Amino acid sequence: MRTVELPQYDYDIIIIGGGPAGYSAGIYAARAGLKTLLVEGASTVSQITITDLIENYPGIPDGINGFDLMQLFKKQALKFGLEVMAKDVVAIKRNASSPIIWDVTAGETDFKALSVIAATGAHWRNLGARGETEFAGKGVSYCATCDGPFYRNKDVIVVGGGDTAIQEALFLTHFAKKVTVIHRRDRLRAAGILQKRAFAEKKIEFIWNSALTEINGKDFVTSAKIKDVKTGKITELQADGAFIFVGRLPYTDIFRGLLDLDTTGFIKTDENLKTSAAGIFAAGDCRVKLFRQVITAAGDGANAIHSAELYIEDLKGQTY
Ligand code: NAP
């Protein structure tokens, strides 16, 4: 076996992101004996940690809270010796003198790595309705798990027709008197099982082919303007809260100019999760993919480490 003399570096792999993709990557990397640092954001949390119930993760038949599931992922990764740091990664670039090395700046500290896993996840998209920013935290919310209990016996609006909107609308029925789902089309995008539950839930009403255009109130939200997108007719709906679930945007600003991104900013990868830059792999919600789930993120984490391991073996001249 030929071995190659490499320039000095701190880690074989730096994983950026502490969600299901990041920690799955951490489990696989640390268990494989790769010197690995996982940097989880200091100013962001994984979306899954604010998810009330995950009931489709295999092996957990009774379902589990998202925060608890992530604690288990972390415990397993730490058991294998993963190093973890809570800092925001603010820059990543090729080392000026050794282009096979990636310089990763976490907080104010620079680290050198042979390979990087981008597992930075995504965050909720704003609707762009008038009053949305003004009433954020005063009736406008993007997290039913966090804010649902404030709406006991109150009327709330949910905007969106995807899995998140419907799952969260169902969750809100534990507290609210009435949940009105406003969707821009006449059918939902959400999975069949969620649709079935929502249609059977007496507290949930639907307003189809409609857009929420304006949120009104004094100190807190009291009503919203709803526009029928077919007729243009505008109606005012009394509500104490508006929960917005209209998709996600990726946390990929640090990769702009470095990696190929799609028009929304998601990282493009091949089937082995290689990005356009040698040595950087992407996993989970931050990459272009159709199905964003805990299980697909976890699968991505494992695949990304396998690809990174092959890449590192090649760099070290240890391919066999
Ligand atoms: P999504 O699937 O992209 O759905 C976004 C929803 O918001 C769609 O119904 C869309 O309408 C609507 N929308 C987008 N822009 C809008 C706008 N400007 N005005 C009004 N409505 C707008 O996003 P998501 O529901 O957050 O789900 C993201 C991913 O997470 C998906 O892959 C989903 O499967 C996954 N997820 C899974 C679960 C689960 O399995 N239990 C739970 C949560 C999320 P259109 O339908 O007309 O496009």
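Anyway, here's the lowdown on the structure attached to this text. (Residues numbered from 1 in each chain as written. Predicted model: local features only at pLDDT ≥ 70, side-chain atom pairs only at ≥ 80, totals over all residues. Heavy atoms only, no water.)

### A few points about the site of the ligand
At step 1: In the neighbourhood of the ligand, 20 residues make up the surrounding shell, with Asp163, Thr164, Gln167, Arg185 and Arg189 lying closest.
At step 2: The separation between an oxygen atom of the ligand and a polar side-chain atom of Thr164 is 2.7 Å.
At step 3: Arg292 is positioned with one of its backbone polar atoms (N or O) 3.1 Å from an oxygen atom of the ligand.
At step 4: Out of a free accessible area of 920 Å², the ligand has 78% covered by protein chains.
At step 5: Ranked by residue count, the leading element in the shell around the ligand is helix α4 (residues 163-172), at three residues.
At step 6: For the shell around the ligand, the per-class residue count stands at five nonpolar, nine polar and six charged.
At step 7: When residues are assigned to domains, the shell around the ligand turns out to be shared by domain 1 (11-123 + 248-316) and domain 2 (126-244), each giving three or more. (Near = heavy atom within 4 Å. Polar contact = N/O pair within 3.5 Å; in protein donor to acceptor, adjacent residues only side chain to side chain. Areas by Shrake-Rupley, 256 points an atom, 1.4 Å probe, with all protein chains shown as cover. Helix = DSSP H or I, 4+ residues; strand = E, 2+ residues; numbered from the N terminus. Nonpolar A, V, L, I, M, F, W, Y, C, P; charged D, E, K, R; others polar. Domains from an automatic or database assignment.)

### A look at the pairing of strand β2 (residues 36-40)
Remember that side chains alternate between the two faces of the sheet whenever the strand is regular.
At step 1: Among the five residues of β2, five are classified as buried, and the element is accordingly described as predominantly covered.
At step 2: Neither face of β2 is exposed, since Thr36, Leu38 and Glu40 on one face and Leu37 and Val39 on the opposite face are all buried.
At step 3: Across four bridges, the pairing between strand β1 (residues 11-16) and β2 is parallel. Following the sheet pairing, Ile16 is matched in β2 by Val39. (Buried < 20%, exposed > 50% of the residue type's maximum accessible area, 1.4 Å probe, protein only. Pairing = 2+ DSSP bridges.)

### Some thoughts on the environment of Ala106
At step 1: Inspection of the secondary structure puts Ala106 in strand β5 (residues 102-106).
At step 2: When the C-alpha positions of Ala106 and Ile16 are compared, they lie 9.4 Å apart, and in sequence the two are 90 residues distant.

### As for the packing of helix α1 (residues 20-31) against helix α2 (residues 66-79)
The geometry of a pair of packed helices is captured by two quantities: the angle between their axes and the separation between those axes.
At step 1: Two numbers describe how α1 lies on α2: the axes approach to 8 Å, and their chain directions differ by 20°. Between α1 and α2, the angle is such that the two are roughly parallel. α2 is crossed by α1, and the crossing has left-handed handedness. Where α1 approaches α2, its residues Pro20, Tyr23, Ser24, Gly26, Ile27 and Ala30 are matched on the opposing element by Met70, Phe73, Lys74, Gln76 and Ala77. (Axes fitted to C-alpha atoms, helices over the stretch in contact; angles between N-to-C directions. Parallel < 35°, antiparallel > 145°, perpendicular 65-115°, else oblique. Left-handed = near helix turned anticlockwise from the far one by under 90°. Contact = heavy atoms within 4.5 Å.)

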